[in-house]
Amino acid sequence: MTYSGLISLGVALASMCTSLVFITIVTRMLSQQEYGAWGLINGLFAYGLITNGIINFWTVRDIARGRDVGKTSILSSGAFSIIGVSIFIVASLGVAPQLNIEINVLFLAAILLPANFIQKIISAINKAWKPQIASYGLLISEIIK
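Residues numbered from 1 in each chain as written. Predicted model: local features only at pLDDT ≥ 70, side-chain atom pairs only at ≥ 80, totals over all residues. Heavy atoms only, no water.

Scanning the chain for helices and strands turns up 7 helices and 0 strands. Listed N to C, the secondary structure of the chain is α-α-α-α-α-α-α in terms of helices and strands. Dimensions of the chain, computed from C-alpha atoms along their principal axes, come out at roughly 50 × 35 × 15 Å. A buried classification covers 30% of the 145 residues belonging to the chain. Across the chain, the fraction of contacts at a sequence separation of at least 24, relative to all contacts at a separation of at least 6, is 75%. Working note: accessible area of the chain is about 9,300 Å², and carbon and sulfur atoms make up 69% of it. When the 9 positive and 5 negative side-chain charges of the chain are each reduced to one mean point, those points stand 12 Å apart. (Helix = DSSP H or I, 4+ residues; strand = E, 2+ residues; numbered from the N terminus. Buried < 20%, exposed > 50% of the residue type's maximum accessible area, 1.4 Å probe, protein only. Contact = heavy atoms within 4.5 Å. Areas by Shrake-Rupley, 256 points an atom, 1.4 Å probe, with all protein chains shown as cover. Lys, Arg positive; Asp, Glu negative; His and termini not counted. Charge placed at Lys NZ, Arg CZ, Asp CG, Glu CD.)

Moving on: the layout of surface pockets. The space that makes up the largest pocket amounts to roughly 1,000 Å³. Lining the largest pocket are 31 residues, and of these Gln 119, Lys 120, Leu 138, Ser 141 and Glu 142 lie nearest its centre. Looking at the lining of the largest pocket, the elements that each hand over two or more residues are α1 (2-29), α2 (32-48), α6 (112-129) and α7 (131-144). Broken down by element, the lining of the largest pocket gets its largest block of residues, 10 residues, from α6. (1 Å grid on protein atoms, 1.4 Å probe; cavity = no way out; pocket = protein on both sides within 12 Å on 5 of 7 lines; lining within 4 Å. Points joined across faces, edges and corners; volume = space filled by probe spheres on them.)

With that out of the way, let us pick up the pattern of salt bridges. As enumerated under the stated definition, the model contains 1 salt bridge in all. The salt bridge involving Arg 67 is made with Asp 62; its shortest N-O contact spans 2.7 Å. A residue is classified by how much of its surface remains accessible, and Asp 62, at 16% relative accessible area, is buried. (Salt bridge = Lys/Arg side-chain N within 4 Å of Asp/Glu carboxyl O.)

See the structure below:
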């Protein structure tokens, strides 16, 4: 457990550094309106990901206890992603006209929600099996970003 915790701490610190560099690059390259749209999409993602934590929490607990729930968790996460996409689209329809943002951009961003759900459930499965693997995946993701 100490090994996993140490790896997780190191990766979290590295992730914080790469995130600061990424944000700096993004703010320099995008116009004010594009940066605002990017921020809006990230903010709306939070509403779409509300249901994500339910399955992830129980998946980690059940797999760590030896239950074979991986396939069920992936399928359930896919079903919950439909709810998340619906929440995202409803919120987008309410916000886009007021902020003068093209709705097609927000609809395109909705495609990323199911991928995010699947990525998080696979990470939860890995976290229950071998916790350090999730940290390695996060490190690779941050480097690629």
